[in-house]
Amino acid sequence: MTLIFHNPTLKRWLIFGVLGLLLAVSGVFISGSAPVAALDLNNCLSCHSVLDKTVINADGREISLMIDEADVDSGAHRYIDCISCHWTGTHKEDSPLTKLSSARKCGDCHEYQYREHLSSVHGEQLAQGNPDVATCVDCHSPEADAHSVIRVLEYSAPTYKKNSAETCAKCHADEDLMANYGIVEKTYESYMRSFHGKAIDLGASELSQLEAATCTNCHGVHNIMATDDPESMVAGLESLVATCEECHAGAEVEFAAGFLGHKEASPEYAPAVHFTENFFSILLLAVIIPGALVVMAAVFRFSWNRWRHNDGDSD
């Protein structure tokens, strides 16, 4: 190293080498930021980017045959040709597209995730023909469209950690849909009011948002189970303790027992929490309202004295 700094020729070549490396790296980033056209060996988009037509699929849902080329060009699968998912005989015979067939097709490549989803509460219902449950594209695409799937680690991805609660809320904040399954808790609202939800919503930085627990930390990702399933991460106090310990080292039964879940505290459920919350709400109002009145009175008194003083000077 000493030889390099005392040898002008070597020092010059070292500087040129570093500058060349920086230019090469910059070129990679610049070229990577340029628009990329999706792989389309059979020129499918020449028709489907302008085809204004819809069909009714086997689930009874209306499906548009028009595909937004910009979505495909920026999607996670832009380097995979159309026929990798849509077989070449699509135009020759019917190939009914359903949520189940779509998930199976994703499973051709994402086999592990597909097997986990199959054993989850969503996958079990999907296998029974229930079109309400979440499947791959519902969670990985903003429009629940396989052509606009976004990579998990992209900041705008529905499955990026700061966005995952909002993604789950597409179904779990729908009261009518949840009522069909006997779920009355306002899961999204209660989560956003919790410490974890506030940490995600008000995080000072992206890193702090990534540290906060969200839906998938407590319920799993592809392997989400019903809360009363013995295999669920939140089924029973013992499982809940183990789940809490993943973030809160040393958490014990007392720690986990204080978690209310997504239920609202009431005189019947967690009465101590309910009445304590009401007490402090009343105490807060009892302090703020008189304090505000005192401040208003002081401002009024100051303004009145100032007006009288100025009026006296004018006389």
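Bear in mind that the values here come from a model prediction, so they are computed numbers and not experimental data.

Draft legend 1. Spatial organisation of the overall build of the protein. Assigned secondary structure in the protein consists of 17 helices and two strands. By the burial criterion, 21% of the 315 residues in the protein qualify as buried. Considering only contacts within the protein whose residues lie at least 6 apart along the sequence, 42% involve residues at least 24 apart. Summed over its atoms, the accessible surface of the protein is roughly 22,100 Å², and 63% of this surface lies on carbon and sulfur atoms.

Draft legend 2. Local environment of a nonpolar patch on the surface. Together, Phe279, Phe280, Leu283, Leu284, Val287 and Ile288 make up a nonpolar patch on the protein surface, roughly 610 Å² of accessible area in all. With respect to the element layout, Val287 can be found in helix α17 (residues 271–314).

Draft legend 3. The environment of Met233, seen in detail. Relative to the helices and strands, Met233 resides in the loop between α14 (215–219) and α15 (236–245). If we ignore the near neighbours within four places in the chain, the residues touching Met233 are Asn217, Cys218, His219, Gly220, Ser239, Leu240, Thr243 and Glu246.

Draft legend 4. Region of interest: the side chain of Thr98. On the secondary structure map, Thr98 appears in the loop between α4 (69–74) and α5 (99–109). A relative accessible area of 15% means that Thr98 is categorised as buried. Apart from residues lying up to four places away in sequence, Thr98 is in contact with Asn57, Ala58 and Asp59.

Draft legend 5. Representation of the environment of Ser156 within the structure. You can see Ser156 is positioned in the loop between α8 (136–140) and α9 (161–172). Among the residues examined, Ser156 registers a relative accessible area of 52% and is labelled exposed. Along the chain, Ser156 and Pro142 lie 14 residues apart, while their C-alpha atoms are 9.1 Å from each other.

Draft legend 6. Expanded view of the pattern of salt bridges. Summed over the entire model, instances satisfying the criterion amount to five salt bridges. We note a salt bridge from Lys99 to Asp138, for which the minimum N-O separation is 2.9 Å. Taken as a pair, Lys99 in helix α5 and Asp138 in helix α8 lie far apart in primary sequence, 39 residues in all. Considered together, Lys99 and Asp138 belong to a single accessibility category, that of buried residues. The shortest N-O distance in the salt bridge between Asp108 and Lys105 comes to 3.2 Å.

Draft legend 7. The confidence of the model for the protein, seen in detail. When pLDDT is averaged along the protein, the result is 84, and 85% of the positions lie at 70 or above. When the elements of the protein are averaged for pLDDT, helix α1 (residues 2–6) gives the smallest value, 50, and helix α6 (residues 111–118) the largest, 95. Low pLDDT, under 50, characterises residues 1–5; the stretch is placed with five contacts to residues that sit more than four places away or in other chains.

Rules used in this analysis
Residues numbered from 1 in each chain as written. Predicted model: local features only at pLDDT ≥ 70, side-chain atom pairs only at ≥ 80, totals over all residues. Heavy atoms only, no water. Helix = DSSP H or I, 4+ residues; strand = E, 2+ residues; numbered from the N terminus. Buried < 20%, exposed > 50% of the residue type's maximum accessible area, 1.4 Å probe, protein only. Contact = heavy atoms within 4.5 Å. Areas by Shrake-Rupley, 256 points an atom, 1.4 Å probe, with all protein chains shown as cover. Patch = residues over 30% accessible without salt bridge, like charges linked within 9 Å, V, L, I, M, F, W, Y side chains within 5 Å. Salt bridge = Lys/Arg side-chain N within 4 Å of Asp/Glu carboxyl O. pLDDT = per-residue confidence, 0-100.

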